[in-house]
Amino acid sequence: MQKAISLLFDAFFLVLLAGAVVTAWQWPFATGLFPLTIAIPVLLVAAAQFARDAFFKGAADEDGEPRERIRDIEVDRSVPTHLVVRRAGTFYLCALGFLASILLIGFKLSVPLFMLFYFRRFSRAGWIVTLILTGLLTGLVLGVFDAVLHVAWPDNLLYHLLGRREL
């Protein structure tokens, strides 16, 4: 039963990726180049995964019993479930908080503020390391996307409500 579910999962992605390749192939060259550059290698990897799941057996313990696996990562049952749920919840709350911050105050301010928060709260880095890394990464993001690529940043909610467009 587990093998059938795994094969259905693999087949779903094969069909999805094949559809993406066929669709992008019909687009003009400049438009379809990026999707094809991503979809073709991923399609090949998905086909290899399908073949592996279809024709090869999984690993077994010393007793000959199949090991419980999630794809190619062994399941670690030593971490209590409540801790896993708490860590996952923390991750998703941080991600949602970052997105809400982008919506409210904009990307340019959210990146350094979130990095300060993250480095101090989760990595427990000192202030000097935090400020150096935040400055370098913020400079990289803003330098590349703002100064070099001239990305059009979306309006944020706070400045829109105050009648301004940009900080």
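None of these values were measured; they are calculated from a predicted model.

Asker: Could you clarify how one ought to interpret the overall build of the protein chain in this entry?
Answerer: The secondary structure content of the protein chain amounts to 6 helices and 2 strands. For the protein chain, the α and β elements follow one another from N to C terminus as α-α-β-β-α-α-α-α. Looking at the protein chain residue by residue over its 167 residues, the buried ones come to 17%. Carbon together with sulfur atoms contributes 71% to the accessible area of the protein chain, which is approximately 13000 Å² in total.

Asker: Help me understand the nonpolar core in this model?
Answerer: One finds L14, L17, V21, A24, L36, A39, L43 and A46 forming the largest nonpolar core, which totals 8 residues. Listing elements by their share of this core, those giving two or more residues are α1 (2-25) and α2 (29-55).

Asker: Before we go on, may I ask you to explain the confidence of the model for the protein chain in this structure?
Answerer: Any residue range with low pLDDT should be treated as having predicted coordinates unsuitable for detailed reading. Averaged over all residues, the pLDDT of the protein chain is 84; the fraction at 70 or higher stands at 86%. When mean pLDDT is taken per element in the protein chain, helix α3 (residues 81-105) scores highest with 92 and strand β1 (residues 69-70) scores lowest with 52.

Asker: When you look at a nonpolar patch on the surface in this model, what are you seeing that I'm missing?
Answerer: Taken together, V129, L133, L137, L140, V144, F145, V148, L149 and V151 make up a surface patch of nonpolar side chains, about 710 Å² in accessible area. Assessed through its relative accessible area of 33%, V144 is described here as partly exposed.

Asker: Is there a simple way to think about the packing of aromatic side chains in this case?
Answerer: Given two aromatic rings, one states the distance between the centres and the angle between the planes to describe the pair. For the structure shown, the criterion picks out 9 aromatic pairs. Each ring, one from F91 and one from Y92, has its centre 5.1 Å from the other, and the planes form 75°; the classification is edge-to-face. Their ring planes at 50° and their centres at 6.3 Å tell us that F114 and F117 sit as a pair that is tilted. With F114 and F117 both in helix α4 (residues 107-121) and 3 residues apart, the pair spans about one turn of that helix.

Asker: Hey, could you run me through unusual backbone geometry in this one?
Answerer: Note: most peptide bonds trans; most residues except glycine with negative phi. Although it is not a glycine, R124 sits at a positive phi angle of roughly 55°. Secondary-structure assignment places R124 in the loop between α4 and α5 (127-148). Positive phi values are uncommon outside glycine, yet H150 reaches one of about 55°. Relative to the helices and strands, H150 resides in the loop between α5 and α6 (157-161). The exposed category is assigned to H150, whose relative accessible area is 61%.

Asker: Quick question: what am I supposed to make of the packing of α3 against α4 here?
Answerer: Direction vectors running N to C along α3 and α4 enclose 145°, while the axes themselves pass 8 Å from each other. You can see that α3 and α4 cross each other, and the crossing is right-handed. Every residue of α4 that contacts α3 at C94, F98, S101, I102 and I105 is listed here: F107, L109, S110, V111, L113, F114 and F117. Of the residues belonging to the contact of α3 with α4, the class tally is 10 nonpolar, 2 polar and no charged.

Analysis parameters
Residues numbered from 1 in each chain as written. Predicted model: local features only at pLDDT ≥ 70, side-chain atom pairs only at ≥ 80, totals over all residues. Heavy atoms only, no water. Helix = DSSP H or I, 4+ residues; strand = E, 2+ residues; numbered from the N terminus. Buried < 20%, exposed > 50% of the residue type's maximum accessible area, 1.4 Å probe, protein only. Areas by Shrake-Rupley, 256 points an atom, 1.4 Å probe, with all protein chains shown as cover. Core = buried A, V, L, I, M, F, W, Y, C linked by side-chain atoms within 4.5 Å. pLDDT = per-residue confidence, 0-100. Patch = residues over 30% accessible without salt bridge, like charges linked within 9 Å, V, L, I, M, F, W, Y side chains within 5 Å. Salt bridge = Lys/Arg side-chain N within 4 Å of Asp/Glu carboxyl O. Phe/Tyr/Trp six-rings, centres within 6.5 Å; stacked < 30°, edge-to-face > 60°. Axes fitted to C-alpha atoms, helices over the stretch in contact; angles between N-to-C directions. Left-handed = near helix turned anticlockwise from the far one by under 90°. Contact = heavy atoms within 4.5 Å. Nonpolar A, V, L, I, M, F, W, Y, C, P; charged D, E, K, R; others polar.

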